[in-house]
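# A structural walkthrough
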Amino acid sequence: MIYRSTRSEHRASAPEAVLQGIAPDGGLYVPESFPDFDWQGCLRCPPTEISARVLAALLPGCGDAEGLVDKAYFGKFSTPLLCPLERVGGLWSLELYHGPTSAFKDVALSVLPRLISEARRSSGIETMQNTFETHAMPAPRRQSLPTLDGNTTVLSPVGMTL
């Protein structure tokens, strides 16, 4: 699958788009065309299977989508539904607090480091252009978790697992 920048004709493969994040011209990468995909059938699946199917369809060449999703979510959310939809009075509420940090970002950020590692491995790119750093946690409260691929290290608060 080929991705194109929203600002120019710059193109990238799925692994290149994952690793670059933003196109060199500052645009976002979007697929040139969408694959044939049974979106309606996918909606009848459990959340982790939906995630794996969507990743596999939109990011071919970025590793084993099912394995990525299993490593990212299994045992890390307080419910297998990840973000259940609950009825509250006459409204529906999407519960986004069941992840490791009780924040909505857990859904995306649980899979992102693994996706980057797989994209790097499958594309043969040895170094990343972007460095992710955090200054929010004081050094004594951080722990370095085992590297995901020998090159990518994730820092997280002490006692938290990814």
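Above this note sits the structure.
Residues numbered from 1 in each chain as written. Predicted model: local features only at pLDDT ≥ 70, side-chain atom pairs only at ≥ 80, totals over all residues. Heavy atoms only, no water.

## With respect to the packing of helix H4 (residues 65–73) against helix H6 (residues 112–123)
Working note: a packed helix pair is described by the angle between its axes plus the distance between those axes. With their axes 9 Å apart at the nearest point, H4 and H6 run at an angle of 150° to one another. In this structure, the crossing between H4 and H6 has a hand that is right-handed. From H4, Leu 68, Lys 71 and Ala 72 reach across to H6, where they touch Arg 114, Leu 115 and Glu 118. Here the residues of the contact of H4 with H6 are counted per class, giving 3 nonpolar, no polar and 3 charged. (Axes fitted to C-alpha atoms, helices over the stretch in contact; angles between N-to-C directions. Helix = DSSP H or I, 4+ residues; strand = E, 2+ residues; numbered from the N terminus. Left-handed = near helix turned anticlockwise from the far one by under 90°. Contact = heavy atoms within 4.5 Å. Nonpolar A, V, L, I, M, F, W, Y, C, P; charged D, E, K, R; others polar.)

## What to know about the environment of Pro 47
Secondary-structure assignment places Pro 47 in helix H3 (residues 47–58). Taking the relative accessible area as the measure of exposure, Pro 47 reaches 21% and is therefore partly exposed. Along the sequence, Pro 47 and Pro 84 sit 37 residues apart, while their C-alpha atoms lie 9.4 Å from each other. (Buried < 20%, exposed > 50% of the residue type's maximum accessible area, 1.4 Å probe, protein only.)

## Overview of the sheet that holds strand E2 (residues 11–13)
On the basis of which strands lie adjacent, the open sheet formed by 3 strands has the order E2-E1-E3 and antiparallel pairing. Since the sheet does not close on itself, it has two edges, and those belong to E2 and strand E3 (29–31), each with one partner. Strand-to-strand twist in this sheet, taken as the mean axis angle between neighbours without regard to direction, amounts to 40°. When strand E1 (residues 2–5) meets E3, the two strands line up antiparallel, connected through 3 bridges. Note that in E3 the partner of Arg 4 across the bridge is Val 30. (Pairing = 2+ DSSP bridges.)

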